[in-house]
Amino acid sequence: MALCGCSHSNQTVVEEAATPAQQLLERLAKIQEKGFAFGHHDDTAYGHYWEYTPDSSDVRSATGDYPAIINWDLGMIELDSARNLDGVPFEYMRQQIKAQHARGGINSISWHLRNPLTGGDAWDTSDSTVVSHAVAEGDSVNAKLLAWTGKVAAFIASLKDDNGVPIPVIFRPWHEHTGDWFWWGKPYCTAQEYKNLWAMTRKVFDDKEIDNVVWAYSPDKSNCSGLDDYMERYPGDDYIDIMGADVYHFNGEQGNEAFTQWMTATLGSAVAAAKAHDKIAALTETGSEGLVLDDWYMNVLLPAIKDYPIAYITVWRNGFGMEKHFYVPYPGHHAIGDFVEFYKQPSTLFLNDIKELK
Ligand code: BMA
């Protein structure tokens, strides 16, 4: 996107170069014209049977191709830990982000940060005053969260290719806030307090003039049955680039209908909001844990999303050595054929489909 800094007095037109973030947003819009990009969390860090093995990927084992998008999580970076909450070393993550970018793919980032009041994890909802402290200027919890956010901003700003050019990423903090499982969830703060979390976060990045971040908002299906719910805690057009939705499938075959209804309610709202606010829509998290249905990708997911204009979807991780915690079929799994069929669809875009689309 070329921004015009026009000077009418002397008839010169200065074309400002697009920022890395603007380039990624344009790319996502192009991707959406062709279909939707497929994303997988921690794809090249570990899979069902392996971990930290260069070039490995459960998606590639199944299809011969990498996912178009790989998601990473920065949880624990705030404590200066060398590894994230799921054990991924941050330096390994950085290398893998560079590798995914170099091969023409896209990276996205989430942040399951710890509770700055109690010292517990992201799921510690034991003290519902945490957000009010976190957004109160001068409060020690506020100071702690600002420092934590600074560490995330520093990591993201440090993502550069071999030529020192910043790597654009999608960043999706404060996710699934309509639910009640994270300390920033709906029952534990007012809408204004939640919006203030976003304003704080953005200020940390904007003060550092970080320009490689595309910002995603991602309500969960929980407490999100229509556009009003979806928009209730929307931080504002200046802060958000992507209208996301997190919608998981539960209960195997019995859950099919509910999944489709939730998709209509939540992803449908994201798409409507994206249209009204001139943003990109995405299914920022989805999946069926353990793939209990042989045909989930082709016969449940695809029909549920096919009519929505979205730029990408992301499924969650294939936990190494975790018997039932996986979302992409691994070698030998009974749902491989279905996933390969899904891969072959013209609308599903993997790395090879998007790498030239810049
Ligand atoms: C959840 C599970 C957890 C993990 C968390 C953050 O959905 O995968 O095992 O710690 O996401 O990645």
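Owing to the predicted nature of the structure, the values given are computational and were not obtained by experimental measurement.

K.L.:
Which residues make up the site of the ligand, and what values do they have?
P.N.:
Neighbouring the ligand are the residues H41, L85, D86, H112, W123, W316, R317 and H325. The contact in question runs from an oxygen atom of the ligand to an N or O atom on the side chain of R317, over 2.8 Å. Alone, the ligand offers 310 Å² of accessible surface; in the complex the protein occludes 74% of this. Per-class residue counts for the shell around the ligand are 3 nonpolar, 3 polar and 2 charged.

K.L.:
Quick rundown of the side chain of H112? Include the residues and the values.
P.N.:
Following the sequence through the fold, H112 ends up in the loop between β5 (106–110) and α4 (130–134). Classification of H112 as buried rests on a relative accessible area of 8%. At 2.6 Å, the side chain of H112 forms a polar contact with the side chain of D73. Side-chain polar atoms of H112 contact the side chain of H175, separated by 3.2 Å. What H112 contacts, discounting residues up to four positions off in sequence, is D73, G75, E78, L85, A122, W123, H175, F182 and W316.

K.L.:
Explain the packing of helix α5 (residues 140–157) against helix α6 (residues 191–207) residue by residue, including any values.
P.N.:
Interaxial distance between α5 and α6 falls to 9 Å at its minimum, and their mutual angle equals 50°. Comparing their axes, α6 and α5 come out oblique. Considering how the two elements wind past one another, α5 and α6 form a crossing that is right-handed. On the side of α5, the interface is formed by N142, L145, L146, T149, G150, V152, A153 and I156, while α6 contributes L197, M200, T201, V204 and F205. Among the residues forming the contact of α5 with α6, the class breakdown is 9 nonpolar, 4 polar and no charged.

Analysis parameters
Positions within a chain are numbered from 1, following the residues in the order the chain's sequence is written. Two thresholds apply to this predicted model, a pLDDT of at least 70 for residue-level local features and 80 or more for giving and counting side-chain atom pairs, whereas whole-chain, interface and lining totals are computed over all residues. Only hydrogens and water are set aside when side-chain values are computed; all heavy atoms of the structure are taken into account. If even one non-hydrogen atom of a residue comes within 4 Å of a molecule or strand, that residue is called near it. By the criterion applied in these results, polar contacts are pairs of N or O atoms within 3.5 Å in which, for protein atoms, one can donate a hydrogen and the other can accept it, and in which residues neighboring in sequence qualify only through two side-chain atoms. Per-residue and other accessible areas follow the Shrake-Rupley method at a 1.4 Å probe size, with only the shown protein chains counted as cover for residues. Side-chain classes are defined by residue name, with Ala, Val, Leu, Ile, Met, Phe, Trp, Tyr, Cys and Pro counting as nonpolar, Asp, Glu, Lys and Arg as charged, and the others, Gly among them, as polar. Put simply, DSSP H or I for four residues or longer makes a helix, DSSP E for two residues or longer makes a strand, and each gets a number counted from the N terminus. Summary of the burial criterion: residues with accessible area below 20% of their type's maximum are buried, those above 50% are exposed, and those between are partly exposed, where the area comes from a 1.4 Å probe applied to protein chains only. Any two residues whose heavy atoms approach within 4.5 Å at even a single point are treated as in contact. Helix axes use the C-alpha atoms of the stretch in contact, all axes being lines fitted to C-alpha atoms, and the angles between their N-to-C directions lie in the range 0 to 180 degrees. Note on terminology: angles under 35 degrees are roughly parallel, angles over 145 are roughly antiparallel, angles of 65 to 115 are roughly perpendicular, and the others are oblique. Less than a right angle of anticlockwise turn of the near helix away from the far helix marks a crossing as left-handed, whereas a clockwise turn marks it as right-handed.

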